[in-house]
Amino acid sequence: MATRIAAMAMPELVALINEWGTMPRTLDPAKTGDDPVRTALADDFHPVFAAGGVAERARLITDLLTGTGVRPVLTADDNGTLTEEWTVDDPAQSARAAAALALRHHLAEHPGRIGVCADDQCADVYVDNSPAGRRRFCCLTCQNRARAAAFRRRGRAG
């Protein structure tokens, strides 16, 4: 029996990776907790955000989708309206498939608009929703910290 799934919301995926991923937790000791299932799921998706280009991201997402066995199906209601749905045969793969679908849908429309924070002290991921599409930091705190460090370096050099 196939299990129906829906794509995970992107903010939910970003929060999962940033709170449970090994890399973000390594650099931020304030992030605590031990859930091996969530950590494994987050660690599967962090490399997609860290990938160097669109082709690598596409390959990683395709591998994740293939590994979950997710597949599209069309269903028709009594009025003849078709609806696209996604299913997996293994319910244990539901969360992984939902996260992979979220990135698949997002990257199909906005291929370069995800990344890992540019601050050396952070490994959190982000989705770039800025009008210019040039976001580099996960939050203002990291942006300010990086700019202050650059200012101090310039002062020492000059």
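I will try to describe carefully the structure that is included in this document.

Definitions and limits used
Residues numbered from 1 in each chain as written. Predicted model: local features only at pLDDT ≥ 70, side-chain atom pairs only at ≥ 80, totals over all residues. Heavy atoms only, no water. Helix = DSSP H or I, 4+ residues; strand = E, 2+ residues; numbered from the N terminus. Buried < 20%, exposed > 50% of the residue type's maximum accessible area, 1.4 Å probe, protein only. Contact = heavy atoms within 4.5 Å. Areas by Shrake-Rupley, 256 points an atom, 1.4 Å probe, with all protein chains shown as cover. Lys, Arg positive; Asp, Glu negative; His and termini not counted. Charge placed at Lys NZ, Arg CZ, Asp CG, Glu CD. Expected span 1.5 Å × (residues − 1). Salt bridge = Lys/Arg side-chain N within 4 Å of Asp/Glu carboxyl O. Pairing = 2+ DSSP bridges. Axes fitted to C-alpha atoms, helices over the stretch in contact; angles between N-to-C directions. Parallel < 35°, antiparallel > 145°, perpendicular 65-115°, else oblique. Nonpolar A, V, L, I, M, F, W, Y, C, P; charged D, E, K, R; others polar.

### A short note on the overall build of the protein chain
Regarding its fold elements, the protein chain presents 6 helices and 5 strands. In sequence order, the protein chain lays out its α and β elements as β-α-α-α-α-β-β-α-β-β-α. The principal-axis extents of the C-alpha atoms in the protein chain amount to approximately 70 × 35 × 25 Å. Residues classed as buried in the protein chain amount to 39% of the 158 residues present. Within the protein chain, counting contacts between residues at least 6 apart in sequence, those at least 24 apart form 50% of the total. Counting only carbon and sulfur atoms, one obtains 54% of the accessible surface of the protein chain, whose full area is about 9400 Å². Across the protein chain, 19 positive and 20 negative side-chain charges occur, with their mean positions spaced 13 Å apart.

### Structural notes on helix H3 (residues 36–50)
The terminal C-alpha atoms of H3, which comprises 15 residues, lie 21 Å apart, in line with the 21 Å expected from a rise of 1.5 Å per residue. When we look at burial in H3, the residues that qualify are Thr39, Leu41, Ala42, Phe45, His46, Val48 and Phe49. Elements that come into contact with the buried residues of H3 comprise helix H1 (10–20), helix H2 (22–27), helix H4 (54–68), helix H5 (94–109), strand E4 (114–116) and strand E5 (125–127).

### Topic: the environment of Leu65
By the secondary structure assignment, Leu65 is in helix H4. Given the relative accessible area of 15%, Leu65 is considered buried. Along the primary structure Leu65 and His110 are separated by 45 residues, whereas in three dimensions their C-alpha atoms are 18 Å apart. Dropping the residues within four chain positions of it, Leu65 is found in contact with Val70, Ala100, Leu101 and Arg104.

### Remarks on the pattern of salt bridges
Tallied over the full model, the rule gives 7 salt bridges. One salt bridge in this structure joins Asp35 and Arg38, with 3.5 Å as the shortest N-O distance. A residue is classified by how much of its surface remains accessible, and Arg38, at 40% relative accessible area, is partly exposed.

### Focus on the sheet that holds strand E1 (residues 3–5)
Pairing is antiparallel across the open sheet formed by 3 strands, whose spatial order is E1-E3-E2. Looking along the sheet, the strands with just one partner apiece sit at the ends: E1 and strand E2 (71–76). The average undirected angle you get between the axes of adjacent strands in this sheet is 50°.

### Section: the packing of H1 against H3
In contact at an axis separation of 8 Å, H1 and H3 are set at 110° when each is read in the N-to-C sense. One finds that H1 runs roughly perpendicular with respect to H3. Along its contact with H1, which presents Met10, Leu13, Val14, Leu16, Ile17 and Trp20, the element H3 presents Arg38, Thr39, Leu41, Ala42, Phe45, His46 and Phe49. The residue makeup of the contact of H1 with H3, split by class, is 10 nonpolar, 2 polar and 1 charged.

### With respect to the side chain of His46
Its place among the elements puts His46 in helix H3. With near-sequence residues (within four places) excluded, His46 lies in contact with Ile17, Met23, Pro24, Val116, Ala123 and Val125.

### Comments concerning the environment of Trp86
Here Trp86 is to be found in strand E3 (residues 82–88). Considering only alpha carbons, one finds Trp86 and Glu12, 74 residues apart in sequence, at a separation of 19 Å. What Trp86 contacts, discounting residues up to four positions off in sequence, is Thr3, Arg4, Ile5, Val70, Arg71, Pro72, Leu101, Arg104 and His105.

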